[in-house]
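Spelled out, the chains give:
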Amino acid sequence: MIKSFLFLLIIFLSTITSSQGARSFAGTFEIMNENSRKFLDVADASKEDGARINQFQRTHNLNQRWSLYYEGNNVEIYSIISVNSDKAIANPGSSTQAGTQMQQLTYDGSKNQLFEFTHVGDGSVYLRNSQSQLYLGIQGSSKENGASVVQQTFTGGPNQRWYFIVSDIPPE
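The following paragraphs examine the structure supplied in this document. These numbers were taken from a predicted model, which means no experiment stands behind them. (Residues numbered from 1 in each chain as written. Predicted model: local features only at pLDDT ≥ 70, side-chain atom pairs only at ≥ 80, totals over all residues. Heavy atoms only, no water.)

Moving on: the overall build of the protein chain. Looking only at helices and strands, the protein chain has one helix and 12 strands in total. Residues classed as buried in the protein chain amount to 54% of the 172 residues present. Across the protein chain, contacts joining residues at least 24 apart in sequence account for 59% of those joining residues at least 6 apart. Carbon and sulfur atoms form 50% of the exposed surface of the protein chain, whose accessible area is close to 7,800 Å². (Helix = DSSP H or I, 4+ residues; strand = E, 2+ residues; numbered from the N terminus. Buried < 20%, exposed > 50% of the residue type's maximum accessible area, 1.4 Å probe, protein only. Contact = heavy atoms within 4.5 Å. Areas by Shrake-Rupley, 256 points an atom, 1.4 Å probe, with all protein chains shown as cover.)

Written out as structure tokens, the structure is:
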């Protein structure tokens, strides 16, 4: 069931168009890591700038729901915004260092808050930060609750693959 659902999601995402980089809403999702089967999560449901992005078992809470906005100009680039805090997943300080912990920050549209999607044949995607050109992954391929979401050099491993599951909570 999840693979057929993800296939429909890929079709949906691939049909989104926008003129000259105009920001457009693409949907609300829960984002699951392939390796751990845990979900992107804002630590402690924080609404503050600088809160850690980690993984946690699925709770269906708003700190695990993300609004996707198309930011590309004929390229699959998106901002990923927490439904709970209305803040973007970001590479703090525009770091180019592998291992940098992802945080949520107030959205400003800068490249450190944008991610390029690369589709994998199984319905998952790789997420590459537009600023650092590094990929989102789970530190140490951990399967534990609270493990850090960091940027990494590309390995193609399952800790760098993500599934987007449609959520029924629209943005305000």
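Text resumes after the structure shown.
Right, let's get into the packing of aromatic side chains. One pass over the full model with this rule turns up eight aromatic pairs. Between tyrosine 135 and phenylalanine 154 the ring centres are 4.9 Å apart and the planes differ by 55 degrees, which places this aromatic pair in the tilted class. In this pair, tyrosine 135 sits in strand β10 (residues 135-138) while phenylalanine 154 sits in the loop between β11 (149-152) and β12 (162-166), placing the two residues 19 residues apart along the sequence. Joined through ring pairs, the aromatic side chains of Phe29, Tyr70, Tyr78, Phe117 and Phe164 make up one cluster. (Phe/Tyr/Trp six-rings, centres within 6.5 Å; stacked < 30°, edge-to-face > 60°.)

Another aspect to go through is the pattern of salt bridges. Close approach of charged atoms lets side chains of opposite charge pair. On inspection of all chains with the given rule, the structure shows five salt bridges. The salt bridge partner of arginine 128 is glutamate 116, with a shortest N-O separation of 2.6 Å. Residue arginine 128 is located in strand β9 (residues 125-129), and its partner glutamate 116 is located in strand β8 (residues 114-119); the two are separated by 12 residues in the primary sequence. Using a relative accessible area of 22% as the deciding quantity, one classes arginine 128 as partly exposed. Overall, glutamate 116 belongs to the partly exposed group, its relative accessible area being 23%. Ionic pairing is found between aspartate 122 and arginine 161, a salt bridge with its closest N-O pair at 3.9 Å. Residue aspartate 122 is found in the loop between β8 and β9, and its partner arginine 161 is found in the loop between β11 and β12; the two are separated by 39 residues along the sequence. (Salt bridge = Lys/Arg side-chain N within 4 Å of Asp/Glu carboxyl O.)

This next bit is on the pairing of strand β1 (residues 24-33). Judged by how many residues are buried, β1 sits mostly within the fold: eight of 10 residues are covered. Both β1 and β12 contribute to a ladder of five bridges, which runs antiparallel. Residue phenylalanine 29 lies in a different strand from β12, and its bridge partner there is valine 166. (Pairing = 2+ DSSP bridges.)

Attention now moves to unusual backbone geometry. With phi around 55 degrees, alanine 45 is a residue other than glycine that occupies positive phi space. Within the secondary structure, alanine 45 sits in the loop between β2 (39-42) and β3 (53-56). A residue is classified by how much of its surface remains accessible, and alanine 45, at 37% relative accessible area, is partly exposed. If you check the backbone angles, aspartate 86 has positive phi at about 60 degrees while not being a glycine. Structurally, aspartate 86 is set in the loop between β5 (77-82) and β6 (87-90).

We now examine the side chain of asparagine 112. The topology assignment puts asparagine 112 in the loop between β7 (103-106) and β8. Look at asparagine 112 and you get buried, because its relative accessible area is 7%. Here the side chain of asparagine 112 touches asparagine 91 through a polar contact of 2.9 Å, landing on its backbone oxygen. Side chain to side chain, asparagine 112 and serine 110 meet in a polar contact 2.4 Å long. When sequence neighbours within four positions are dropped, the list of residues in contact with asparagine 112 reads Ile89, Ala90, Asn91, Gly93, Ser94, Leu105, Asn129 and Gln131. (Polar contact = N/O pair within 3.5 Å; in protein donor to acceptor, adjacent residues only side chain to side chain.)

In this structure, Leu127, Trp162 and Phe164 are the most contacted members of the largest nonpolar core, which totals 24 residues. Elements supplying a minimum of two residues to this core: β1, β2, β4 (66-70), β5, β8, β9, β10 and β12. (Core = buried A, V, L, I, M, F, W, Y, C linked by side-chain atoms within 4.5 Å.)

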